[in-house]
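Topology and contacts: notes
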Protein chains: 2
Amino acid sequence: MALACEVLAIGTELLLGQVVDTNSAWIGERLAEAGISCYYQAKVGDNHDRIVAALHSALGRSDAVICCGGLGPTQDDITREAIAEVMGVGLRRDQAIEAGLRERFRGRDVPVSNYRQADVPEGSTPVLASVGTAPGLICPVGGKVVYAVPGVPSEMREMVGGPVIEDLVARSGEQATVRSRFLRVWGVPESKVAEVVAPRLGALEGGPTTIAFLANVTEGVRVRITARASGPDATAKATAALDAEEAALRELLGGAVGGVDDEGLEVVVGRLLAHAGLRLAVAESMTGGLVSARLTSVPGASRWFAGGVVSYTPQVKRSVLGVGPGPVVTSEAAQEMAAGVRQALGADVAVSLTGVAGPDAQEDQPVGTLFVGLDLQGEVSARKAVLGGGGRQLVRERAATYALDMLRQHLLQAH
Amino acid sequence: MALACEVLAIGTELLLGQVVDTNSAWIGERLAEAGISCYYQAKVGDNHDRIVAALHSALGRSDAVICCGGLGPTQDDITREAIAEVMGVGLRRDQAIEAGLRERFRGRDVPVSNYRQADVPEGSTPVLASVGTAPGLICPVGGKVVYAVPGVPSEMREMVGGPVIEDLVARSGEQATVRSRFLRVWGVPESKVAEVVAPRLGALEGGPTTIAFLANVTEGVRVRITARASGPDATAKATAALDAEEAALRELLGGAVGGVDDEGLEVVVGRLLAHAGLRLAVAESMTGGLVSARLTSVPGASRWFAGGVVSYTPQVKRSVLGVGPGPVVTSEAAQEMAAGVRQALGADVAVSLTGVAGPDAQEDQPVGTLFVGLDLQGEVSARKAVLGGGGRQLVRERAATYALDMLRQHLLQAH
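Quick caveat: nothing in here was measured; it's all calculated off a predicted structure.

With that settled, the discussion passes to the environment of Phe182 of chain B. All names here are of chain B. Inspection of the secondary structure puts Phe182 in strand β9 (residues 176–185). Counting along the chain gives 78 residues from Phe182 to Val260, while the straight-line C-alpha distance between them is 5.5 Å. Contact partners of Phe182, with chain neighbours within four places excluded, come to Arg222, Val223, Arg224, Val260 and Asp261.

Residue and element names in this part refer to chain A. Summarising the element assignment, Arg184 is placed in strand β9 (residues 176–185). Each C-alpha atom, one on Arg184 and one on Val257, is 5.5 Å from the other, the two residues being 73 residues apart in sequence. Ignoring anything within four residues of it in the chain, the contact list for Arg184 reads Gly220, Arg222, Val257, Gly258, Gly259, Val260 and Glu263.

What follows is about helix α8 (residues 234–253) of chain A. Residues and elements named next belong to chain A. Over its 20 residues, α8 runs 28 Å from end to end, which matches the ideal 28 Å to within 8%, given 1.5 Å per residue. The complete set of buried residues in α8 reads Ala238, Ala241, Glu245 and Leu249. For α8, the buried positions fall inside an angular range of 65 degrees around the axis, keeping them on one side. Exposed and facing more than 90 degrees away from the buried side of α8 are Ala236, Ala247 and Glu251. Gly254 lies just past α8 and shows a positive phi near 55 degrees.

What follows is about the nonpolar core. Counting 249 residues, the largest nonpolar core has Leu8 of chain A together with Leu8 of chain B as the members making the most contacts within it. Setting aside its immediate chain neighbours within four residues, Leu8 of chain B contacts Ala42, Val44, Ala54, Leu55, Ala58, Val65, Cys67 and Cys68 of chain B.

Turning our eyes to something else, we now look at the interface of chain A and chain B. Contacts between chain A and chain B engage 63 residues on the former and 61 residues on the latter. In terms of residue count, the dominant contributor to the side of chain A that touches chain B is strand β14 (residues 305–311) of chain A (seven residues). Along the lines of polarity and charge, the residues of the side of chain A that touches chain B split into 29 nonpolar, 28 polar and six charged. Pairing between β14 of chain A and strand β14 (residues 305–311) of chain B: five bridges, direction antiparallel. Looking at β14 of chain B, one finds that Val310 of chain A is bridged to Gly308 of chain B.

To continue, consider the packing of helix α11 (residues 314–321) of chain B against helix α12 (residues 331–345) of chain B. Geometry of a packed helix pair, given as the angle between the helix axes and the separation of the axes. Residue and element names in this part refer to chain B. As a packed pair, α11 and α12 sit with axes 9 Å apart at the nearest point and diverge in direction by 45 degrees. If you check the angle between α11 and α12, you find them oblique. Our pair here, α11 against α12, has a crossing hand that is left-handed. In this structure, α11 contributes Lys317, Val320 and Leu321 to the contact, and α12 contributes Ala333, Glu336, Met337, Gly340, Val341 and Ala344. Its residues assigned to classes, the contact of α11 with α12 comprises six nonpolar, one polar and two charged.

Residues and elements named next belong to chain A. The residue Val356 is located in the loop between β15 (349–355) and β16 (369–376) in this model. A C-alpha to C-alpha distance of 6.1 Å links Val356 and Met286, two positions 70 residues apart in sequence. Filtering out sequence-adjacent residues up to four positions away, Val356 remains in contact with Met286, Val329, Ala361, Gln362, Gln365, Pro366, Val367, Gly368 and Thr369.

Residue and element names in this part refer to chain B. Counting buried residues in strand β1 (residues 5–10) gives six out of six residues, a clear majority hidden from the surface. Side chains Cys5, Val7 and Ala9 of β1 all project onto a buried face; the interleaved residues Glu6, Leu8 and Ile10 project onto the opposite face, where all are buried too. Across four bridges, the pairing between β1 and strand β2 (residues 40–44) is parallel. Within β2, the residue paired with Ile10 across the bridge is Val44.

Our next topic: the sheet that holds strand β3 (residues 64–68) of chain B. Strand order across the open sheet formed by twelve strands is β6(A)-β7(A)-β8(A)-β3(A)-β1(A)-β2(A)-β2(B)-β1(B)-β3(B)-β8(B)-β7(B)-β6(B), with mixed pairing between neighbours. Strands with a single pairing partner mark the edges of an open sheet, and in this sheet they are β6 (125–127) of chain A together with β6 (125–127) of chain B. Averaged over all neighbouring strand pairs, the angle between strand axes comes to 20 degrees, with direction disregarded. Bridge count between strand β3 (residues 64–68) of chain A and strand β8 (residues 144–149) of chain A: five bridges; the pairing is parallel. Paired with Val65 of chain A across the bridge in β8 of chain A is Val146 of chain A.

All names here are of chain B. Counting buried positions along β3 yields five of five residues, so the element is predominantly enclosed. By the alternation rule, side chains of β3 split into Ala64, Ile66 and Cys68 and Val65 and Cys67, which are all buried. Note that β1 and β3 share five bridges and pair parallel. When the bridges of β3 are listed, Val7 appears paired with Ile66.

So, about the domain arrangement of chain A. Frequently, the measure chosen for interface size is the accessible area that the parts lose on association. Domain assignment breaks chain A into domain 1 (5–172), domain 2 (176–260) and domain 3 (265–414). Computed from C-alpha coordinates alone, the two centres of domain 1 of chain A and domain 2 of chain A are separated by 33 Å.

What counts, and at which threshold
Residues numbered from 1 in each chain as written. Chains lettered and ligands numbered in written order. Predicted model: local features only at pLDDT ≥ 70, side-chain atom pairs only at ≥ 80, totals over all residues. Helix = DSSP H or I, 4+ residues; strand = E, 2+ residues; numbered from the N terminus. Contact = placed C-beta atoms within 7 Å. Expected span 1.5 Å × (residues − 1). Buried ≥ 20, exposed ≤ 12 C-beta atoms within 10 Å, placed from the backbone. Arc of directions from axis to C-beta. Core = buried A, V, L, I, M, F, W, Y, C linked by C-beta atoms within 7 Å. Nonpolar A, V, L, I, M, F, W, Y, C, P; charged D, E, K, R; others polar. Pairing = 2+ DSSP bridges. Axes fitted to C-alpha atoms, helices over the stretch in contact; angles between N-to-C directions. Parallel < 35°, antiparallel > 145°, perpendicular 65-115°, else oblique. Left-handed = near helix turned anticlockwise from the far one by under 90°. Domains from an automatic or database assignment.

Below you can see the structure in the form of structure tokens.
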């Protein structure tokens, strides 16, 4: 039986446009992957009667509803009360949630309002969070079900991606599975990736395995393989289909495939450095710390990352990194920065970035100009790039991605 | 009469999460500005019966509906037909739209499917677009109205921002407005802010001004004040109500209010530094460049930000920053890092961070331990914090926010 599940995002800030609801799209994607139909999604404000009415409408059409938001400790968080009304029950104080709150506040007084989070509808099952403080709820309504999950994206993803989808799949009574894998490509535009991969799209047409493309500035191009399978060995069958398709795509894309799934460019660079037994130093100007921050987001980065210098003013470039006099948005300055930071930090390899993030041009160079310097164990080089516009933050993100990919390519060649 | 208008976003790709619906948030913001209430927003796929059902529901609750998407030339663009069914009329071929299509294709053959865009419900008024090819529609249904606008954001914005809002305001016969302002609070948890502000919630109950809370790790807690007013001087009245409520909240929250509206912690810190004529240097260990990256996201940061050192290994802490031998996750090390980076970069003020981001404990200190060092023109101090868990990235974000807020508080006291 194919279940239908709706999504109800709760919060006046969503209706007023102060926050864009990205949760519903993420949930819609997970439902589709799990083979659960989603025909309606709605947003409603922090108003008891309207939440109740929206839940009644949704349960009239579908088998399940995922309510997102309104589970926090403040007076405008009223999802718990609205669901209780739809279930026709009262609230009970949950001992386990209460104990969890006390533990979280470690001896400090729990603000009284936080205890509201321990009040759950009678007959509902709390889903305890490992992140944040808002527990989720599984609430049966007749033969149907309402799930309540927090609006904070990281907490929502943990709950929907785990217990909620599991419960829905169990209710559907079907042993079907959908598995996805991402191949990550850098240094090649999305349209080119699509062109190279076109033969596979044709070969898969009408079958249970599909390919899709996603692209963005920090993540590069992601090629998503999705495989569906059913029956008792559904998971093994889906995994085998993913393996086969990954091999076929790697045949076409070659070295452009830098990583799989959650492996960002920083993970791939770190793995290459660790493998070669090299330690990296970074000198940043226009990116102001973004490259270092991305590299150190990888657990265990200290094995291959020594540190960095953010040389935001020409004085710091000269005094700390030994950059010579004259303009600093140049190939020479980039090379001096790379060599300087490698020496100052006692590293094996260094990458540097100097350029113009905007809003204004600098040293007569337009916004988007970037020079990346490399020092690979004393071998110093630099490359110029002209990044697109789109605002200061986007230019900075693109510059960081460009420099990390350039480093990745050089490390690949060297080893 | 205050009108209520809903938004119905149409497109299967929205439900599948392949495209995030940002249009509804944008429309919601425009409606609020125009003093038009928006209590529900919904998404539905490219399915005739479900679009018709969603329109009937919306018109049962509200005075108007803005339908977004499904006006293109392809077979799955069926908004025109669905609206005609709700109006109880047929489609007519519109001569002006047809002529516009021919002109747009300038002598080339108009693809036959494009002529579908010239078929509009009887009794509707087309709104011709200056961008793209999809015309919008104003469709009266009894005393109510359905607007159809394209899903392409630039085309949607032109039509909603102009003719649609104008038509709605004319129908409301009222000069009403809604204005919002955010007060930004750092260093105080959301539940505590709610507790402190509780008396205002009571005082405002039932009136035209409301308060709500939004919280996240990098943005801190935002207290939103929303004021509604009507009549010829609606805007002035709403602004006065915002001013009065801001004053009342500042009375309760005191120095915890760091900024207004879009001002992030980095903007506030930058303003305080620029005002005092001071230049900042940053030494980062566990945050690995996040603090520098946030500070340099502010345009013109080079006026008050000299640069930073990411001292990710103990060796770099000692060689570049002059940290003494012994453990580095300590108050002493934090102080030495701050003093060292201030000196190395020739800055007036410095902040430093050393701690444990995880996944593993370090020097017997648990994940979440943070020491922040400060050097204010030679006056050196440090403070220890124990940040919550939630994973490496969240701990790092919290640490950066904590250090920036500590710097903000010291700069406030000093000047």
